[in-house]
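Coordinates in review
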Amino acid sequence: MAKEALFGKTLGELQKIVAGFGLPAYTARQIAGWLYQKDITTIDEMSNLSKNARLLLNEHYEFGLTPFTKVQTSTDGTRKYLFAAGDMKFIEAAYIPEEERSTLCVSSQVGCKMGCLFCMTGKQGFQTNLTAGQIINQVRSIPETAKLTNIVYMGMGEPLDNIDEVMKSLEIMTADWGYGWSPKRITVSTIGIIPAMRLFLAQSQCHLAVSMHTPFEEERQRLMPIENVYKLSEVLDIIRNFDLGRQRRVSFEYIMFKGINDTPRHVKELARILNGIRCRINLIRFHPIPGTPLESSTDEVIEQFMIDLNEKGIRTTLRASRGQDIFAACGLLSTKELVKRQQEDY
Amino acid sequence: MEERNPLSLKEYKVIANDAIAPGVFVLRYRRDFTFIPGQVVAVALHPAHQPRMYSIASGMQDEEVWLLYNIRPEGELTPPLSELIAGHSIFASAPSGSFYGKAAPAVWIAAGTGIAPFVSMWRSGIRRDKLLIHGGRFLHSFYFEDTFKGALRENYIRCCSNESGDGVFHGRLTTWLQQQPNLPTDRKYYLCGSAEMVVETRDILIEKQISYDNIVAEIYF
């Protein structure tokens, strides 16, 4: 049987492990330092641990890094990495280099339960949640780790549907005993799972991105089944009433669908419902997926939509499409073809 | 009836927790709120635990709340939930959500325990012009079939993937849908089930010229 991974354990979890072994309490911080601040890959390399500590750790644990199994490079420099995440399960992470920043888009689940009409990941259904270790392994195990300036939880899966492991991964990424990243360089995306979003807002300092895609409830119900459970209006109320401070940012993701959510009526309603929320909107071109009834708005319409929103006082930007030729662009990540078919109950 | 934050949990005493099929239960507790059929409640065994959402299966006029669930062996909630007996406590939220299949005519499509919101709608009197398609792995997977069988007759389609039986389509509900030459395009389709079922069913319906505007889905997660 495979041993449990140390990589991905929080300081609190490491403290419990060392206490269980009867090792000195400070050993936990030493292990955290080796896991997250040094470039080693085995427990044996943790040279300031006692021989007994290394023996005990090796007996019960492995270091726990997983190398990527495949990489594809786009003509625009975007790279898509494939990682195994258990038996016949795979995830993808997209590395997006730009002039002044380098972003890694990480996955939080294998597949997704949310079934959004426009998303390729949703078409493969849900296989499993990633552990914190599997999430941060995507950061650690690519060649560009040292170049990264930003991390976005916008890959496969709904991060807040895996809140416990996502919060642990954020703790490891931002703690002084972990990677020590500023939370202002990390953005977690959600479609608005309210209980988990409340927890994320209260217990993390990272930025929040909400997948909105239309301000109208009935339209959103058709595009995103989650609207039948957690309404956008309730999501907005929570954000409006939460003290985000000066540094923390909320953005709304808005994929532009031709003739569906790209009209002046939508601009007007967006201005109305976002009143009182310090935020920005990221417009995204739709990248068509097989069998979809949706099309992307034209560049002219998108441009006008952006101008109109900015004129209404809502800071609006258009996200560049990156990695489309290798299916690494927004909404295209999928490992469906690699996943063993699940037991169906229908 | 009381008004409260739909996300705060309140203690309720279990009235009954009956197995209705292998690994499938109906848990009942007293209703002290009004709700709309298709709404969900969040349920936990302790107020500090992360709750899970369940569709209400009982009707608007029923004095009890019924929750239909199956045991997920790897889950944290359902194995201990299935061991509760009358008098034990659960913690549940007020109802929320808006999966309300009141349109008529309409097609209701459910997989497994995804039948729950449709049972609630039916028991609440939403019955006119409905076609119900229910998919299950086994013949015992058609929960509440006594509710629908007599009343809906030929408008109650049961699709069983692992067993064959009288009046039951042997195959997946998606296969049944694919085999229909003319699905009506002028009505609403309400889907409830796993992400896989909803996404696959929605794709088939769109392929068969059903406008995505006419497809409303509830995914259990």
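Residues numbered from 1 in each chain as written. Chains lettered and ligands numbered in written order. Predicted model: local features only at pLDDT ≥ 70, side-chain atom pairs only at ≥ 80, totals over all residues. Heavy atoms only, no water.

1. With respect to the domain arrangement of chain B
All names here are of chain B. We note that the domain assignment places domain 1 (10-92) and domain 2 (106-219) within chain B. Spacing between the C-alpha centres of domain 1 and domain 2 amounts to 23 Å. On the domain 2 side, the residues contacting the 21 residues of domain 1 number 14 residues. Both faces considered, domain 1 and domain 2 share a buried interface measuring about 1,300 Å² in area, 65% of it formed by carbon and sulfur atoms. Interface area lost by domain 1 to domain 2 is led by Pro 37, Ala 57 and Leu 68, which between them contribute 32%. The tally of links between domain 1 and domain 2 comes to one salt bridge. When the shortest N-O distance is used, the salt bridge between Asp 62 and Arg 123 registers 2.8 Å. (Domains from an automatic or database assignment. Contact = heavy atoms within 4.5 Å. Buried area = accessible area lost by both parts, 1.4 Å probe. Salt bridge = Lys/Arg side-chain N within 4 Å of Asp/Glu carboxyl O.)

2. As for the domain arrangement of chain A
A common way to express how large an interface is: the accessible area buried when the components associate. All names here are of chain A. Domain assignment breaks chain A into domain 1 (4-62) and domain 2 (70-338). Centre-to-centre, using C-alpha coordinates, domain 1 lies 34 Å away from domain 2. Listed as interface residues are 16 residues of domain 1 and, on the opposing side, twelve residues of domain 2. Of the roughly 1,100 Å² buried at the junction of domain 1 and domain 2 (both faces included), carbon and sulfur atoms supply 55%. Our count for the domain 1 to domain 2 interface comes out at two salt bridges. The partner of Glu 13 in a salt bridge is Lys 168, and the shortest N-O contact between them spans 2.8 Å. On inspection of domain 1 and its partner domain 2, the count reaches six residue pairs in polar contact (both at pLDDT 80 or more). Of all the elements in the fold, those that place two or more residues in the side of domain 1 that touches domain 2 are helix H1 (11-20) and helix H2 (27-37). At six residues, the largest contribution of residues to the side of domain 1 that touches domain 2 is made by H2. Its residues assigned to classes, the side of domain 1 that touches domain 2 comprises six nonpolar, five polar and five charged. (Polar contact = N/O pair within 3.5 Å; in protein donor to acceptor, adjacent residues only side chain to side chain. Helix = DSSP H or I, 4+ residues; strand = E, 2+ residues; numbered from the N terminus. Nonpolar A, V, L, I, M, F, W, Y, C, P; charged D, E, K, R; others polar.)

3. Focus on the environment of Ile 15 of chain B
All names here are of chain B. Here Ile 15 shows up in strand E1 (residues 10-21). Relative accessible area serves as the criterion here: at 36%, Ile 15 is assigned to the partly exposed category. With 118 residues separating them along the chain, Ile 15 and Ile 133 place their C-alpha atoms 30 Å apart. Setting aside its immediate chain neighbours within four residues, Ile 15 contacts Arg 28, Tyr 29, Arg 30, Glu 64 and Ala 86. (Buried < 20%, exposed > 50% of the residue type's maximum accessible area, 1.4 Å probe, protein only.)

4. Notes on the sheet that holds E1 of chain B
Residues and elements named next belong to chain B. A sheet is described by the order of its strands in space; here six strands give the open sequence E4-E3-E6-E1-E2-E5, paired in antiparallel fashion. Sheet topology places strand E4 (52-55) and strand E5 (64-70) at the edges, where each strand pairs with a single neighbour. Between one strand axis and the next, the sheet turns through 45° on average, direction left out of account. With four bridges connecting them, E1 and strand E6 (residues 89-92) associate as antiparallel partners. Within the sheet, the bridge partner assigned to Tyr 12 lies in E6 and is Ile 90. (Pairing = 2+ DSSP bridges. Axes fitted to C-alpha atoms, helices over the stretch in contact; angles between N-to-C directions.)

5. Considerations on the sheet that holds strand E14 (residues 315-319) of chain A
All names here are of chain A. Taken together, the ten strands give an open sheet; going across it, the order is E3-E4-E5-E6-E9-E10-E11-E12-E13-E14, and neighbouring strands pair in mixed fashion. Every other strand in the sheet has two partners, leaving strand E3 (70-73) and E14 as the edge strands with one partner each. Each strand of the sheet is rotated relative to its neighbour by a mean of 20°, with strand direction disregarded. Relative to strand E5 (residues 90-97), strand E4 (residues 79-84) is paired through six bridges, and the arrangement is antiparallel. Counterpart to Phe 83 in the pairing with E5 is Ile 91. With respect to the sheet, helix H6 (residues 194-203) is in contact with strand E10 (186-190) and strand E11 (207-211), its orientation differing from that of E11 by roughly 160°.

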